[in-house]
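Chains, contacts and geometry: an overview
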Amino acid sequence: MKHEGKVAVITGAAQGLGLACAERLHADGAKVMLVDVQEEKVKAAAAQLGENAACWIGDLLQITRSMADEIVAATVGAFGKVDILVANAGIIHLAEFVDFPEQMFDDILTINLKSAFLLGQSAAKQMIAQGHGGSIINMSSINAILANPHSVGYAVSKGGIKQLTAVMAVGLIQHGIRVNAIGPGTIMTELNLRSVMATEEQRRTILSRTPARRLGEPHEVASVASFLASDDASYIVGQTIYPDGGRLILNYTVPVEE
Ligand SMILES: NC(=O)c1ccc[n+]([C@@H]2O[C@H](COP(=O)([O-])OP(=O)(O)OC[C@H]3O[C@@H](n4cnc5c(N)ncnc54)[C@H](O)[C@@H]3O)[C@@H](O)[C@H]2O)c1
C-alpha cells in the first residue's frame, strides 16, 4: 500500500473533505490522527476507521503555537512520528462586502489560514527532526483565484493559503518536505449545502460554470491528497492542484441539466 508505515494528521476530519482524506490515507496504509472540534463526530469517525486511527478534539479558532505543538505531540505519542499533514479545516461565511462582519473576517483567517501556518510549522519541525522528509498539503479553493463578492474572508484566506504553500515549499524542500495545496471546485459537503449551494438558483449558477456538468465528490479530492502525499508526486513542489471539473478554465457558461 502506498502509505504503509506513514503517519498523517488531518484537520477538519470529522466530515466532508477532511474525513474523505483521512479515509483515503488510512485505506492506503497510513495511521491517521483526525483533528476536529466536533467531538462526537470525530470520535465516531476515528472509531469507524479502527486501530490505526485516533482523534484530537479541539477548536482551531483558539489555535496557538502551543496548541499546534500539542497536536503534533499527540500524534507522535499515538503513532511515533508525523509524515503527512493535511491542513484542511475551514469555514465560510457569505455577506455583501460592505456588510461583512469584522469578527467573522478574523475568525475565517484564523481557522482557514493561521491554523495551517502554525500546524505547518509544528509538523515541519517534527519532520526535520525525524530526518526523512514528509508531505504537507494545505486545502485551498478555486476561490484563491476566483472572486465571489460575497465571500471576502474566505477568498482572502484561500489566496493566503496559495502563497503560504509556495513560501513553505521553497523553505522546506531542502529538508525533503514537499508542500503543495489542493484547490477544489464545488464538492458536495455540508459547507456548501449551508452556503454556496443553499438554493436551487445557486446550484444552477455553479453548474453553469462547471464544464464537467456535475459537482465533485469528496473522494475526488481525497485521491489528489493521497497522490500529493505519495512518491508519485516526488517532483511536485509548491503547486496548487485544482480538482474543479474545469471551472477555472471556462470563460463561458455550459447548459445545466434539470
Ligand atoms: N466543499 C467544497 O466545495 C470545498 C471547495 C473548496 C475548498 N474547500 C475547503 O475544504 C475544506 C473542508 O471543507 P468541507 O467542504 O469538507 O467543509 P465541512 O464544513 O463539511 O467540514 C469542515 C470540517 O472542519 C471542521 N472545523 C471547522 N471549524 C473548526 C475549528 N474551529 N476547529 C476544528 N475543526 C473545525 C468542522 O467541524 C468540519 O468537520 C475547507 O478548508 C474548505 O474551505 C471545500
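Residues numbered from 1 in each chain as written. Predicted model: local features only at pLDDT ≥ 70, side-chain atom pairs only at ≥ 80, totals over all residues. Heavy atoms only, no water.

**Some details on the overall build of the protein**
Keep this limit in mind: Strands are runs of DSSP state E lasting at least 2 residues, helices are runs of H or I lasting at least 4, and numbering of each runs from the N terminus. Between buried and exposed lies partly exposed: a residue is buried under 20% and exposed over 50% of the maximum accessible area for its type, with that area taken using a 1.4 Å probe on protein chains only. Contacts are residue-level and defined by heavy atoms, with any inter-residue pair within 4.5 Å sufficient. Surface accessibility in these figures is a Shrake-Rupley result with a 1.4 Å probe; residues are shielded only by whichever protein chains are displayed.
In terms of regular secondary structure, the protein is built from eight helices and seven strands. By principal-axis analysis of the C-alpha atoms, the protein measures approximately 50 × 40 × 35 Å. The buried share of the protein, taken over its 258 residues, is 51%. A sequence separation of at least 24 residues applies to 71% of the contacts in the protein between residues at least 6 apart. Summing over all exposed atoms, the protein offers an accessible surface of approximately 11700 Å²; the carbon and sulfur share of this is 54%.

**Here we look at the pattern of salt bridges**
Put simply, the rule reads: When a carboxyl oxygen of Asp or Glu lies within 4 Å of a side-chain nitrogen of Lys or Arg, that pair is called a salt bridge.
By the definition in use, this model includes nine salt bridges. Between Asp28 and Arg24 there is a salt bridge, and its shortest N-O distance comes to 2.9 Å. The class of Arg24 is partly exposed, set by a relative accessible area of 29%. The partner of Arg203 in a salt bridge is Glu200, with the nearest N and O atoms 3.0 Å apart. Here Arg203 and its partner Glu200 are both found in helix α7 (residues 200–208), three residues apart, which amounts to about one turn of the helix. You can call Arg203 partly exposed: its relative accessible area is 24%. Relative accessible area serves as the criterion here: at 45%, Glu200 is assigned to the partly exposed category. Several salt bridges converge on common partners, so that one network encompasses Lys41, Glu190 and Arg194.

**A short note on empty space enclosed by the protein**
Rules: Site definitions follow a grid-based scheme: protein atoms alone, a 1 Å grid, a 1.4 Å probe that fits but cannot get out for cavities, and for pockets an open set with protein on both sides within 12 Å along at least five of seven lines, plus lining residues having an atom within 4 Å of a point. Grid points are joined across faces, edges and corners, and a volume is the space filled by probe spheres set on the points.
Across all of its chains, the model carries one cavity of 30 Å³ or more by this definition. If you add up the space inside the largest cavity, you get close to 30 Å³. In terms of lining, the largest cavity is formed by Ala87, Asn88, Ala89, Ile111, Asn112, Ser115, Ala116, Met139 and Lys158. For the lining of the largest cavity, the element with the most residues is helix α4 (residues 102–130), which contributes four residues.

**Some thoughts on helix α3 (residues 65–79)**
An α-helical turn contains 3.6 residues, so any two residues separated by three or four positions project in the same direction. Stated formally: To estimate how far a helix should extend, the number of its residues minus one is multiplied by 1.5 Å. In this description, one arc is meant: the one made by directions from the helix axis to the C-beta atoms.
Here α3 contains 15 residues, and its C-alpha end-to-end distance of 21 Å stays within 8% of the 21 Å for a straight helix at 1.5 Å per residue. Three or more residues of α3 are buried, namely Met67, Ala68, Ile71, Val72, Thr75 and Phe79. Down the axis of α3, the smallest arc covering the buried residues is 140°, so these residues share one side. Every exposed residue of α3 that faces more than 90 degrees away from the buried side is listed here: Ser66 and Gly77. Where α3 is buried, its residues contact β1 (7–11), β2 (31–36), β3 (53–57) and α4. Note on α3: the residue one or two positions beyond its end, Gly80, has a positive phi of about 90°.

**Structural notes on the environment of Val256**
Checked against the element boundaries, Val256 lands in the segment after β7 (240–241). For the pair Val256 and Met104, spaced 152 residues apart in sequence, the C-alpha to C-alpha distance is 33 Å.

**Quick word on the site of the ligand**
The test is simple: Any residue with a heavy atom positioned within 4 Å of a molecule or strand is treated as near that molecule or strand. Two N or O atoms form a polar contact when they lie within 3.5 Å of each other; inside protein one atom must be a possible hydrogen donor and the other a possible acceptor, and for residues adjacent in sequence the pair counts only when both atoms belong to side chains. Here the criterion for a molecule occupying a pocket or cavity is that more than half of its atoms lie within 2 Å of the pocket grid points.
Among the 31 residues in the neighbourhood of the ligand, the closest are listed as Asp36, Asn88, Tyr154, Thr189 and Asn192. Here Asn88 contributes a backbone N or O atom positioned 2.7 Å from an oxygen atom of the ligand. Isolated, the ligand exposes 820 Å² of accessible area, and the fraction of that covered by the protein chains is 95%. For the ligand, the cavity whose grid points lie within 2 Å of the majority of its atoms is the largest pocket. The set of elements that each furnish at least two residues to the shell around the ligand consists of α1 (16–27), α5 (152–172) and α6 (190–193). Per-element tally for the shell around the ligand: the top contributor is α6, with three residues.

**As for α5**
Helix length check: α5 (21 residues) gives 30 Å between terminal C-alpha atoms against 30 Å at 1.5 Å per residue, within 8%. Within α5, the full set of buried residues consists of Val152, Gly153, Tyr154, Ala155, Ser157, Lys158, Ile161, Leu164, Thr165, Met168, Ala169 and Leu172. Buried residues along α5 sit in contact with α4, β5 (134–139) and β6 (177–182).

**Thoughts on the nonpolar core**
The nonpolar side chains of soluble globular proteins are, as a tendency, buried together. Note the threshold: Think of a nonpolar core as a cluster: buried Ala, Val, Leu, Ile, Met, Phe, Trp, Tyr and Cys residues, connected wherever their side-chain atoms sit within 4.5 Å.
With 33 residues, the main nonpolar core has Ile71 and Ile136 as its most contacted residues. Elements with a contribution of two residues or more to this core: β1, β2, β3, α3, β4 (84–87), α4, α5 and β6. In terms of residue count, the dominant contributor to this core is α4 (seven residues). Membership of the second largest hydrophobic core comes to 31 residues, among which are Ala13, Leu19, Ile84 and Val221.

This is a description of form; function is not addressed.
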